[in-house]
Amino acid sequence: MFFYEQKPSITMSNTPIKMNKLRQIIRLYCQGTGTKTINGMVGTSRTTIKKYLRIWHELGITHEEFNSRSDNELAVLFNTKTAKTINSPRMQELELLLPEHCKRLKKKGVTRESLHLEYILKHPQGYGRSRFNNAIHTYLQLSRPVMHIDHKAGDKIYIDFAGSKLQLHPASGPERDAEVFVAILGCSQLTYVEAVESQRKEDLIKACENALHYFGGVLGGHCPRQSAFCGNQGE
């Protein structure tokens, strides 16, 4: 006579999932795999995958903590009130607002705190700031496309001007703004950062030269972000 141990499973939306599949979903997601690819590799619907990923973000546990849990512990964790709130009317109401909120976050001066204040004024019974921020974080993680790129050592340097300008406070002379130039090696992620006067061609070339001195050699090619270096450069 043979005996076997049945693996615990979770049922959500009438779709049972085995713990080994749940572990595969979380592992692949943490490796940067998109939900569409996970669907093809694991054989679980994208809707179900996204639901479990939302629960994982809501639980706030790391991949290491997730792996350290037994199958029985995971079955309990992913069937808690935290999991059930995903389909609550209040959460569904918030999820309808997330696309527009996340789009507005890209605008200068818009913060999660200001969005939450606006949200709570219109929805007094809505979520607090912590849950609101978690919902935004989860939406961004699930909606942002991910692609894995293999970089060869010494092949390319990626350059860009980052974010808003910095303000310099020299010991003598007036305060002035400065652009932030960033260069990074694709393989090692070694990064060079320099404050420069402007994004003009001469400042860009000088910053690239300084970056190469810092890296200690010449690479195969430079890869600028197109929108940062095309147009309005005073050429």
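The rules behind each value
Residues numbered from 1 in each chain as written. Predicted model: local features only at pLDDT ≥ 70, side-chain atom pairs only at ≥ 80, totals over all residues. Heavy atoms only, no water. Phe/Tyr/Trp six-rings, centres within 6.5 Å; stacked < 30°, edge-to-face > 60°. Helix = DSSP H or I, 4+ residues; strand = E, 2+ residues; numbered from the N terminus. Buried < 20%, exposed > 50% of the residue type's maximum accessible area, 1.4 Å probe, protein only. Lys NZ or Arg CZ within 6 Å of the ring centre and 35° of its normal. Axes fitted to C-alpha atoms, helices over the stretch in contact; angles between N-to-C directions. Left-handed = near helix turned anticlockwise from the far one by under 90°. Contact = heavy atoms within 4.5 Å. Nonpolar A, V, L, I, M, F, W, Y, C, P; charged D, E, K, R; others polar.

**Quick look at the packing of aromatic side chains**
Part 1: Counting across every chain of the model gives 5 aromatic pairs.
Part 2: A centroid spacing of 5.4 Å and a plane angle of 40° characterise the contact between Tyr192 and Tyr214, whose relative ring orientation is tilted. One end of the pair, Tyr192, is in strand S6 (residues 191–196); the other, Tyr214, is in helix H10 (residues 201–215), with 22 residues separating them in the sequence.
Part 3: When its relative accessible area of 14% is taken as the criterion, Tyr192 is described as buried.
Part 4: One aromatic cluster is present, formed by Tyr192, Tyr214 and Phe215 through successive ring pairs.
Part 5: It is Arg23 that lies over the ring of Phe66; its NZ or CZ is 5.9 Å from the centre.
Part 6: Residue placement shows Arg90 over the ring face of Tyr127; its charged tip is 4.1 Å from the ring centre.

**A closer look at the packing of helix H1 (residues 19–30) against helix H2 (residues 35–42)**
Part 1: Axis separation between H1 and H2 bottoms out at 10 Å; the angle between their running directions is 145°. Considering the relative orientation of H1 and H2, their crossing is right-handed. Across from Lys21, Gln24, Ile25, Leu28 and Tyr29 in H1, the residues of H2 making contact are Ile38, Met41 and Val42.
Part 2: A per-class count over the contact of H1 with H2 returns 6 nonpolar, 1 polar and 1 charged.

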